[in-house]
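Below are the chains, spelled out letter by letter.
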Amino acid sequence: MTYIAKPKFQHPGLPKNDLGYTRRDYEGKISTLCAGCGHDSITASIIEACFHLSIEPHRVAKISGIGCSSKTPDYFLGNSHGFNSVHGRMPSVLTGANLANRDLIYLGVSGDGDSASIGFGQFAHSIRRGVNMTYIVENNGVYGLTKGQFSATADRGSKSKKGVTNADSAIDLVAIALQLGATFVARSFSGDKTQLVPMIEAAIKHKGAAFIDVISPCIAFNNHAGSTKSFDYVREHNDAVNRLDVITGREPITVDYAPGTVQVVEQHDGTRLALRKLDADYDVHDRLAAMTFLQKHAAKGQVVTGLLYVDAESEDLHDRLNTVDAPLNTLAAKDLSPGSAALDKINASLR
Amino acid sequence: MTYIAKPKFQHPGLPKNDLGYTRRDYEGKISTLCAGCGHDSITASIIEACFHLSIEPHRVAKISGIGCSSKTPDYFLGNSHGFNSVHGRMPSVLTGANLANRDLIYLGVSGDGDSASIGFGQFAHSIRRGVNMTYIVENNGVYGLTKGQFSATADRGSKSKKGVTNADSAIDLVAIALQLGATFVARSFSGDKTQLVPMIEAAIKHKGAAFIDVISPCIAFNNHAGSTKSFDYVREHNDAVNRLDVITGREPITVDYAPGTVQVVEQHDGTRLALRKLDADYDVHDRLAAMTFLQKHAAKGQVVTGLLYVDAESEDLHDRLNTVDAPLNTLAAKDLSPGSAALDKINASLR
Amino acid sequence: MSVQSPISSVNDFVIRFANVNGSGSASANELFARSILRMGVPVSPRNIFPSNIQGLPTWYEVRVTEDGHLGARGGVDMMVAMNPQTWDRDVASIEPGGYLFYDSTKPIPASKFREDITVIGVPLTAITNSTYTDPRQRQLFKNIIYLGALSALLEIDPKVIEQLIGEQYKTKEKLLASNVHALHLGRDWALQNLKCPITLTVKKSEKVGDRIFMEGNSAAALGAVYGGATVCAWYPITPSSSVADAFTAHCKKLRHDPETGKAKYAIVQGEDELASIGIVIGASWNGARAFTATSGPGVSLMQEFIGLSYFAEIPAVIMNVQRAGPSTGMPTRTQQCDVIACAYASHGDTKHVLLFPEDPAEAFEFAAQSFDLAERLQTMIFLMLDLDIGMNHRLCRPLKWDESREYDRGKVMTAEMLDDGRDFGRYLDVDGDGIPFRTYPGTHPSKGSFFTRGTSRDRYARYSEDGAVYADNMQRLLRKFETAQDLVPRPLQANAQKPTKYGVIYYGSTSPAMDEAIEILEKRGHHLDRLRIRAFPFHSSVASFVADHDFVYVVEQNRDAQLRSLIVNENGIDPVRLVPILHYDGTPITARFIAGAIGDHQDQLKVTPLKKVKS
Amino acid sequence: MSVQSPISSVNDFVIRFANVNGSGSASANELFARSILRMGVPVSPRNIFPSNIQGLPTWYEVRVTEDGHLGARGGVDMMVAMNPQTWDRDVASIEPGGYLFYDSTKPIPASKFREDITVIGVPLTAITNSTYTDPRQRQLFKNIIYLGALSALLEIDPKVIEQLIGEQYKTKEKLLASNVHALHLGRDWALQNLKCPITLTVKKSEKVGDRIFMEGNSAAALGAVYGGATVCAWYPITPSSSVADAFTAHCKKLRHDPETGKAKYAIVQGEDELASIGIVIGASWNGARAFTATSGPGVSLMQEFIGLSYFAEIPAVIMNVQRAGPSTGMPTRTQQCDVIACAYASHGDTKHVLLFPEDPAEAFEFAAQSFDLAERLQTMIFLMLDLDIGMNHRLCRPLKWDESREYDRGKVMTAEMLDDGRDFGRYLDVDGDGIPFRTYPGTHPSKGSFFTRGTSRDRYARYSEDGAVYADNMQRLLRKFETAQDLVPRPLQANAQKPTKYGVIYYGSTSPAMDEAIEILEKRGHHLDRLRIRAFPFHSSVASFVADHDFVYVVEQNRDAQLRSLIVNENGIDPVRLVPILHYDGTPITARFIAGAIGDHQDQLKVTPLKKVKS
Ligand SMILES: Cc1ncc(C[n+]2csc(CCOP(=O)(O)OP(=O)(O)O)c2C)c(N)n1
Ligand SMILES: Cc1ncc(C[n+]2csc(CCOP(=O)(O)OP(=O)(O)O)c2C)c(N)n1
Ligand code: SF4
Ligand code: SF4
Ligand SMILES: [Mg+2]
Ligand SMILES: [Mg+2]
């Protein structure tokens, strides 16, 4: 963190995206997180992904809970509305926001304490409901903002900075998301922008509940030996199943892939996900296999990353509720009030 | 339910268990549930299991949340203390009770609304912590007490009595319990006492978090065609992986089992679980295989029952916390107050 | 029969049905009430049901009241004792000179009756079983048979009942016929075997007028439909679940796009109350009108979010259908016991707006208005219903809707306004009323966005931990609350026939009992001016009303005189001037209770010097 | 230098360190405070820190106060300005005639200083960098270097500092030496280059006496250890987390069985506040002494369980370390703003016991006592701490423990008593004090068991939805609450030197500022009797105190005059007699503020007729 105000001036030569925006247009306030915090890298990846997708910056709603991670929406997309709500309740707030206006893009940012401890119920139920959102957990295995207590994603047997060993079983949010019917499930590492950026893009383009668990080391409280969420540990144990390219335009896939190494997934809006397989047997459409794969590798201490599961035919909560196309928040009295004649009928039926 | 008071008189010829108690000594108040409610059968199985295990009836603490299911602890073990606490919070109340006195047996009774909806977080975290308890969910897929709304265990696509189709993904508590590190995981059916009774016995004898999901049809609101929690549906789709015999004494296993068909598990206190395999390949010690098996069968619409996983080497929260052997609630001032000399030292260190 | 002469009354008595729940009696009993209504005679029915599903005692009480006294009266003039479990209690509760109606199929020992009542036995089981064989049919038709018998005894027009049955089974010819048959089975038996009518009778009248008969929960839900609520998130809890049920039903009928069939609303059953209120807050933040319905335990769970609504200034509506507390309390009993819990909900310095409808008509109006208020004030609005008006049918004036009414969406800055160069500070008090402007997410590419948080920020929603900035904001919130005083429904005053030094304040479902109590008190020579409070914060007329009287009684259905505390606390009134009249056993308050308590106090006043009166 | 003559004072000034958090300044600053203390001069330090981990402004303020005024004073006599981010603000906050101490390595334009203060530049970075190369070392030792310089300027005995460093690094020889070295680097530079001492100096004194220097949270945790708490369940939240941290640390030292090494306690970090309080309630129900520590948002989330504790009569202790609300509020700022939220916590009619310790010593005592009270009264006890006393070191009397003290486990029926044929009704008021007997689970094979519920039940804990039974129980709970009045710590009264018609009520961390304000007011000619409230429900002496005075000021650190509301509401006092004095910007209240507000009001009183005074 630095206290020098960011200059407003934009270099005219900065690269622009399809809508004519530069990366700067996707930035937010200056981060107040610790220098080197993994969360700041995720912020950078979100900015990159939105820039690359040519999203209108103000058409995103950024919603978070409470924690260092949940502060980050203030640090990207400065022209979007953000909501730093209450601890563990981002999913419900996001669900409501989504119901009010189906036309915005919903980005839910949370921490592992926020989503796996206090918010485990809301995490689970928002996913079950198929809320159309990109749900990112910035997972550092600790409560950063309250100074380093274990969260529920801390692995059993891992050690805190103070030397305490965690005795409780860890919650693997990816495994749970798969179990609960998420239609897009991925894991990445804050230190791996090449993997993370297209993953966020793909999630944004996904219709339904897209969940990304991003291991994001906490420099201040969980980056020591004995931690399984440190930069070193994750780098050493990272096992990526695939690499992703997101192709949004109509143009054919031009990148050359060796035959049999790529799985192409077309999502609702035509976006194609080109998945370069790193693990030859891995099929992103097989939920059960994904779960088994995860378990097996977790047992070996490996951190499986990549796009782990995607259902291209997914539907979202609006589909399930059969809501009108117009955002509910645009409907006026004439659309909503059934009028006095209808009321007279109701009165008559109540006599 | 009948309003005729239960006669106090006990027939002298009633069978007695090792402690000299009859089944009557394990009964409670008269049920006020609907005639035919699945929960009443579970009550009967609990009574049977406790009788059979020769548990001292008053050495059990019965803890529940709120719901029809959560009312049942009033209907068994009338000489035990019971606590019908608040909706969805049985697990935390039980955890606290267990910490206060490690010498009692803890029976947590909950509903699917209680544990999978409002209480999903507490369910998960009590299991992660390895609280020594028998956690029974009386799972009918609906909120009985509030008149038949879907709960989170209702299967996607199943129909309510009013004809509404459930659009949300179901939560399979057994799958989640496995995922979260429960050391004893089982499923049964309220209509199958032969399966359920020994399962409860085994769970009580288990050290650590023992979870039993009991499908328990709601006669009033979820026993129609289109429901996947009706008596008919469960009978038709029940796929039992094994049958259990619990052997508590020191005597050798006398029952004759065909070779290779039985897996014997010895728990901490010497209790042996003899598992007659119905599915030849099923190994109760393989958590990962259990999860895969479950998923596969669930995908086929089957309801897998039986003892699905057990870790005979399990430890409990007291082990993890290294608490003294004496129940904490028996410690007096002399055990707990460090005394004035120690305080003087502390004062000195603060100058 | 009895020495006591039987109570004799036309169109003014209380009849109570004692049943077992799950036995199908509810619809027969409701038919009974409706048939009297159709004869033009006001009735006020109340369901007294247990917190379980089947097999426990339940009662249905109908007050037949030509004079239109819709409050609970207390006492029973005729008991229809269908539940052996509660026989003794039920028989004991009959007023001297009252009637006991029972199933005489099995002989009941004489000791089980009373001398001072008239006993009417009808062999209901025998009649039923001789006609029906199917057990479920037997159970259901027995209820219709007693209804038939009662129609003969009380002179209820059978045509009216037949017509109601006809409306109910419009498309189910067969059911219609068999119900009518059962009705006459009972009716004919009574006409042939009993002295009909008895001294309690129903006579056609014109007193119902154009009034409608509706449950408050359904009315509130309809108010939400008319008021433009598009998002409803809820979690089942008695006695509020029927708000969401009704909202669903109303929306299904009234809120689908005729062309596409699509829904102009979204209803989500949350996984708990925290999720429900979170969804509501998220939706409201994003510019939709949203609400939840809950009861005490839900309000407790929502406290953190309620504080967020207050501080981050997010509009939201909670319909709190109050039941007896504290804790789980008595879920199927009524109280007004969450006044403090809602008014000062959440930790820290907070105050919230409460609306107190008296009946379904007002529940409808206030529900619709609550969304205007929530958006105008950008804060939480509590619609304070209770089980008594929420889950019982109550006669009330017909619902009205002004066709030209637009929603007041409050201060929302649009893209145009931003482009016009209007200064946007999310927490800037531009008009001196404490209410700032907000923008909806997605409004403008480069202006008007802000970061919402429940924590430290300045007038421009920028993060700040500065003490002065914080205090400034907290003071503005107080100003906003003052503004609310003049926006919420005003108290209604009704003066005694003679000038008086005494007043009474009351609110919500207490209304009909209060009106009736005033009549009783006037007969006893006690005159009181009345003020019905309809909202918190209190309009200045509340303080004036208190100032204008020596003593003011505050009638409430809770133990701790919660509204009285609010009046004292918010208006700086000497508590000694406010005499609490408290009813809190979970039954609806009665005119008898109020008149008794106030009357006794007034009588005492005459002998006790002012100073010594203990509040 | 300055035209203004420099402030001159021995042992009575305020020095403030402006730093960046995460820079390691905290321990150097604490060393500074401790060294003065070791010289026998009372100090009162306060940490003003942001709600983040690293890189934002943080301040450490030390009031050096021979007279023992431990409240915040307001104003700064010397600013140690180490944070360029806040330079302007920091410089502006210095009292005229005060000192500015800064790092003069880089030149700073003259416009950045003030004319009316004395500026002392020390090239800290230059000194540091010329000695150390490792960046972390540079960061840490710079702090020690300024400490050294200050010791020269203020005449702090370097031996004392060395000794403190020695105690800190007892086993770390090398660190010890290098710290001492850094200290002298700074000290020597100052002695050689500056005029030492300045006009603010520290002189050895005897005023500290045997007092100890402790944080309230740690003291409360130690109270829980002595009070016999065996189960602690908590969830991290500022400013309460250090209660659990301290309980853990104390228990590790004091509560392991010497033979087996096993723990005579169980501490669980819950997954949230609902779990924490659930664990506490479960443990207490089962006969252990249990507590949680939390802050506002946690209290909000616990509301439902708090109602259960009230109604099902489960003992429990919540230590609420208050921070600025509402909503997330300002987590690192102090207030007394949860008084209402705790006193009337949960829906329905509820009332809870609150204890208000003034300092760490009382936090220790009340914490220990809270478990006796919880078990005696079988209800929730709130220990109302706040950030100011919870997270700051405060000088206080040494902690005391009576060796013979036994725990009051309240009314617990044992197996023996049951066998003796004692009638056990869980909710039976056997002694007229409203407190029933309970049994622990597992007590007796056939007697004394009962089913606990938060809902309808009779005196024998049998299910009942009967109105009379319900009301009877609710009345007993009121009786129990009356009993509590005489069991909780009494208010302490201190009378003015002259008889006076005016009084002041205050509580908790306001104490030292109040005491000092009284002195100021007396100098101004205003005499006030003081009553320090230490608990709710209020002892009868509170009402008498108000009755004995024309006006009573109620000094609080919240916006809505929450304690005043409780006094009015529970004691039926005319609110006009209680004048609220409210401080709520998140900073600790000061004597200057109190004396100013009360003084102004008193001055006005002399001209304004009594009636017109608006509260
Ligand atoms: C109801 C409530 N309880 C506790 C807190 C205190 N709190 C703030 S952030 C936090 C933990 C955040 O951890 P995590 O979500 O992992 O985020 P991180 O800081 O690690 O990114 C807690 C417990 C709170 N704000 N609200
Ligand atoms: C906080 C809270 N919310 C809602 C309720 C209302 N409620 C009582 S029981 C119940 C659902 C019970 O469902 P389940 O646990 O499945 O039990 P079942 O009745 O089906 O056995 C609900 C929502 C409550 N008691 N408390
Ligand atoms: S404490 Fe940890 S999570 Fe928080 S900002 Fe610092 S490094 Fe990041
Ligand atoms: S409603 Fe359903 S769950 Fe409840 S008692 Fe009846 S059958 Fe059982
Ligand atoms: Mg974290
Ligand atoms: Mg259920």
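The structure reproduced in this document is the subject of the present report.

Each value, and the rule that gives it
- Residues numbered from 1 in each chain as written.
- Chains lettered and ligands numbered in written order.
- Predicted model: local features only at pLDDT ≥ 70, side-chain atom pairs only at ≥ 80, totals over all residues.
- Heavy atoms only, no water.
- Contact = heavy atoms within 4.5 Å.
- Buried area = accessible area lost by both parts, 1.4 Å probe.
- Salt bridge = Lys/Arg side-chain N within 4 Å of Asp/Glu carboxyl O.
- Polar contact = N/O pair within 3.5 Å; in protein donor to acceptor, adjacent residues only side chain to side chain.
- Helix = DSSP H or I, 4+ residues; strand = E, 2+ residues; numbered from the N terminus.
- Buried < 20%, exposed > 50% of the residue type's maximum accessible area, 1.4 Å probe, protein only.
- Pairing = 2+ DSSP bridges.
- Near = heavy atom within 4 Å.
- Nonpolar A, V, L, I, M, F, W, Y, C, P; charged D, E, K, R; others polar.
- Donors = N, O, S within 2.8 Å, 3.2 Å for Na, K, Ca; no water.
- Right-handed = clockwise from strand over helix to strand, strands pointing away.
- Phe/Tyr/Trp six-rings, centres within 6.5 Å; stacked < 30°, edge-to-face > 60°.
- Axes fitted to C-alpha atoms, helices over the stretch in contact; angles between N-to-C directions.
- Parallel < 35°, antiparallel > 145°, perpendicular 65-115°, else oblique.
- Left-handed = near helix turned anticlockwise from the far one by under 90°.

1. Notes on the interface of chain A and chain C
Taken together, the 59 residues of chain A in the interface contact 66 residues of chain C. The junction of chain A with chain C conceals about 5100 Å² of combined surface from both sides, 61% of it contributed by carbon and sulfur atoms. Taken together, chain A and chain C are joined by three salt bridges. Our enumeration of links across chain A and chain C arrives at 27 residue pairs in polar contact (both at pLDDT 80 or more).

2. Overview of the environment of Thr-483 of chain D
Residue and element names in this part refer to chain D. The residue Thr-483 is located in helix H16 (residues 467–487) in this model. Spatially, the C-alpha atom of Thr-483 lies 38 Å from that of Asp-257, the residues being 226 residues apart in sequence. In contact with Thr-483, other than residues within four places in its own chain, are Asp-433 and Ile-435.

3. So, the pairing of strand S1 (residues 60–64) of chain A
Residues and elements named next belong to chain A. Most of S1 sits inside the fold, with five of its five residues counted as buried. Taking every second residue as pointing to the same face, both faces of S1 are buried, with Val-60, Lys-62 and Ser-64 on one and Ala-61 and Ile-63 on the other. Pairing of S1 with strand S3 (residues 105–111), which is carried by five bridges, proceeds in the parallel orientation. Each residue of the ladder has a partner; that of Ala-61, found in S3, is Tyr-106. Pairing of S1 with strand S2 (residues 81–84), which is carried by four bridges, proceeds in the parallel orientation. For Ile-63, the partnering residue across the bridge sits in S2 and is Phe-83.

4. Points about the site of ligand 4
What surrounds ligand 4 is the set Leu-33, Cys-34, Cys-37, His-39, Cys-68, Asn-140, Gly-144, Cys-218, Ile-219, Ala-220 and Phe-221 of chain B together with Ile-53 of chain C. When its residues are assigned to classes, the shell around ligand 4 shows nine nonpolar, three polar and no charged.

5. As for the coordination of the magnesium ion (ligand 5)
The reference angle at a metal is 109.5 degrees if four donors form a tetrahedron and 90 or 180 degrees if six donors form an octahedron. Residues and elements named next belong to chain A. Asp-112 (OD), Asn-140 (OD1) and Val-142 (O) make up the full set of protein donors to the magnesium ion (ligand 5), lying at 2.1 Å. Read from N- to C-terminus, the donor residues coordinating the magnesium ion (ligand 5) fall into the pattern D-x27-N-x1-V. Comparing Asn-140 with Val-142 shows no difference in burial state: the two are buried.

6. As for the interface of chain C and chain D
Across the contact, 62 residues belong to chain C and 62 residues belong to chain D. Of the roughly 5100 Å² buried at the junction of chain C and chain D (both faces included), carbon and sulfur atoms supply 54%. Among the residues of chain C in contact with chain D, His-347, Asp-349 and Arg-559 of chain C are the three that bury the most area, contributing 15% of the side total. At the surface where chain C touches chain D, the tally comes to two salt bridges. Linking Glu-465 of chain D and Arg-333 of chain C is a salt bridge whose minimum nitrogen-to-oxygen distance equals 3.2 Å. At the surface where chain C touches chain D, the tally comes to 42 residue pairs in polar contact (both at pLDDT 80 or more). Elements with a minimum of two residues in the side of chain C that touches chain D: helix H10 (296–301), helix H11 (303–312), helix H12 (339–343), helix H16 (467–485) and helix H19 (562–571) of chain C. Among the elements that line the side of chain C that touches chain D, the one with the most residues is H16 of chain C, at seven residues. For the side of chain C that touches chain D, the residue count by class is 26 nonpolar, 26 polar and ten charged.

7. Some points on the pairing of strand S7 (residues 184–189) of chain B
Residues and elements named next belong to chain B. In terms of burial, S7 is a largely internal element, six of the six residues being buried. Alternating positions in S7 separate into two faces, Phe-184, Ala-186 and Ser-188 on one and Val-185, Arg-187 and Phe-189 on the other, with burial throughout. Two strands pair when backbone bridges link them, and S7 and strand S8 (residues 209–215) are joined in this way by six bridges, in the parallel orientation. Paired with Phe-189 across the bridge in S8 is Ile-215. At this point the chain moves from S7, through helix H7 (residues 193–205), to the parallel S8, and the crossover so formed is right-handed. Pairing between S7 and strand S13 (residues 303–310): four bridges, direction antiparallel. The residue bridging Phe-184 from the neighbouring strand is Val-310, located in S13.

8. Some points on the packing of aromatic side chains
Given two aromatic rings, one states the distance between the centres and the angle between the planes to describe the pair. Residues and elements named next belong to chain D. Within this structure, the stated rule accounts for 55 aromatic pairs over all chains. Ring plane angle 70° and centroid distance 5.1 Å describe the contact between Phe-17 and Phe-32, whose orientation is recorded as edge-to-face. With Phe-17 in strand S2 (residues 12–20) and Phe-32 in helix H1 (residues 25–38), this residue pair connects regions lying 15 residues apart in the sequence. Like Phe-32, Phe-17 is buried.

9. Some points on the packing of helix H5 (residues 158–168) of chain C against helix H6 (residues 173–193) of chain C
Residues and elements named next belong to chain C. Two elements in contact, H5 and H6, have axes separated by 9 Å at closest approach and are oriented at 155°. By the angle between their axes, H5 is roughly antiparallel relative to H6. Here H5 and H6 pass one another in a crossing that is right-handed. Residue-level contacts link Pro-158, Ile-161, Glu-162, Ile-165 and Gly-166 of H5 to Leu-176, Asn-179, Val-180, Leu-183, His-184 and Arg-187 of H6. For the contact of H5 with H6, a count of residues per class yields six nonpolar, three polar and two charged.

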